[in-house]
Amino acid sequence: MGRRLAPEENALWKKVAATVEPLRKRAPVLDPASPPTVRPPKVSPRTPVAPAAAPRPAPKLPPPRRTHQTATLDGHWDRRLRKGLVRPDMSIDLHGHTLASAQALLDDAIGRALLRGARVLLVVAGRLRPGADRLPTMHGDPRPRGAIRASLPDWLAYSPHADAIVALRPAHISHGGAGAVYVILRRARED
C-alpha cells in the first residue's frame, strides 16, 4: 500500500471527488456461447399488389438540324485546319464542368462568337476515351472520362445556334490535338 495522505491533501481530495460524476453502467456483454434468439417473421398470405404504372417513354427530341462532323468545307479550309494554319478567333475550356454546365457554357460561347463575327471557335474538352458513352468508370468516377468530348457533336446538332455552325473538326496538335475541336461558324452576312 502507498503512503497515507496528509490532512490538507485529504481535504483537497474530498473537494475534487465531490465534483466528479460516476460513470454510467455499461450494458452487460452477452456470453458468446449463447447467441440471442430471433424469431423469423410470420409469413402472411400475400395480397396482390397493383402493377406499377408503365414507365413514360422519354420525350422525343427533334431531329438534329445537321451533322457537323460530316459537313463539308472547301479543301482549302480543311488543309489549313489540318496543318494548324488557322488561328482560332475564340476558345473555351470545358474541363472540370458537369455535362449540363459544359453544354450551357458552350451555347453561350457560340452566341458570343457569333456576335463578335468569329469564324473558328476552339473548344477544349479533353480526349475522347474508349467507352466514354458508357456509365461510370472504374475508380468510382461519377461520370465517365471523356463524356464532355463525346457529347459535343450531339450538343452542337441540337444547339440553338445549329444553323450557324458549319462544321466540327479535330484541332491541330498546337491547339490541343485530340483534346480539342474546332467549331467552324458561318460567316455573318452583311446587309
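Preceding this section is the structure that the text describes.
This report concerns the structure included in the present document.

Basis of the calculations
- Residues numbered from 1 in each chain as written.
- Predicted model: local features only at pLDDT ≥ 70, side-chain atom pairs only at ≥ 80, totals over all residues.
- Heavy atoms only, no water.
- Helix = DSSP H or I, 4+ residues; strand = E, 2+ residues; numbered from the N terminus.
- Buried < 20%, exposed > 50% of the residue type's maximum accessible area, 1.4 Å probe, protein only.
- Contact = heavy atoms within 4.5 Å.
- Areas by Shrake-Rupley, 256 points an atom, 1.4 Å probe, with all protein chains shown as cover.
- Pairing = 2+ DSSP bridges.
- Axes fitted to C-alpha atoms, helices over the stretch in contact; angles between N-to-C directions.
- Core = buried A, V, L, I, M, F, W, Y, C linked by side-chain atoms within 4.5 Å.

**Side note on the overall build of the chain**
Part 1 of the reasoning: For the chain, the helix and strand inventory stands at 4 helices and 4 strands.
Part 2 of the reasoning: From first element to last, N terminus to C terminus, the chain shows the α and β order α-α-β-α-β-α-β-β.
Part 3 of the reasoning: A total of 191 residues make up the chain; the buried ones form 29% of that total.
Part 4 of the reasoning: Of all intrachain contacts in the chain linking residues separated by at least 6 positions in sequence, the fraction that spans at least 24 positions is 67%.
Part 5 of the reasoning: By element, 58% of the accessible surface of the chain is carried by carbon and sulfur atoms, the whole surface being about 15400 Å².

**Examining the sheet that holds strand β4 (residues 180-185)**
Part 1 of the reasoning: Spatially, 4 strands are ordered β1-β2-β4-β3 in an open sheet, and the strand pairing comes out mixed. Edge strands, defined here as strands with exactly one partner in the open sheet, are β1 (90-93) and β3 (165-170). Put simply, the sheet's adjacent strands are angled 20° from each other on average, direction ignored.
Part 2 of the reasoning: Direction of pairing for β3 relative to β4: antiparallel, over a ladder of 5 bridges. Within β4, the position partnered with Ile-165 by the bridge is Leu-185.
Part 3 of the reasoning: Packing of helix α2 (residues 75-83) onto the sheet brings it into contact with β2 (120-124), β3 and β4, and relative to β4 it is tilted by some 155°.

**Digging into helix α4 (residues 147-157)**
Part 1 of the reasoning: Burial runs high along α4: 8 of the 11 residues are buried.
Part 2 of the reasoning: All of the buried residues in α4 are Ala-147, Ile-148, Arg-149, Ser-151, Leu-152, Trp-155, Leu-156 and Ala-157.
Part 3 of the reasoning: Residues of α4 that are buried make contact with α3 (99-116), β2, β3 and β4.

**Considering the nonpolar core**
Part 1 of the reasoning: Counting residues in each nonpolar core, the largest one holds 21 residues, and the members touching the most others are Leu-121, Val-123, Leu-152 and Val-183.
Part 2 of the reasoning: Put simply, the parts of the chain that give this core at least two residues each are β1, α3, β2, α4, β3 and β4.
Part 3 of the reasoning: Residues within four places of Leu-121 in sequence aside, it is in contact with Met-90, Ser-91, Ile-92, Ala-109, Ile-110, Val-181, Tyr-182 and Val-183.
Part 4 of the reasoning: Residues Trp-77, Val-166, Ala-180 and Tyr-182 belong to the second largest nonpolar core, which totals 11 residues.

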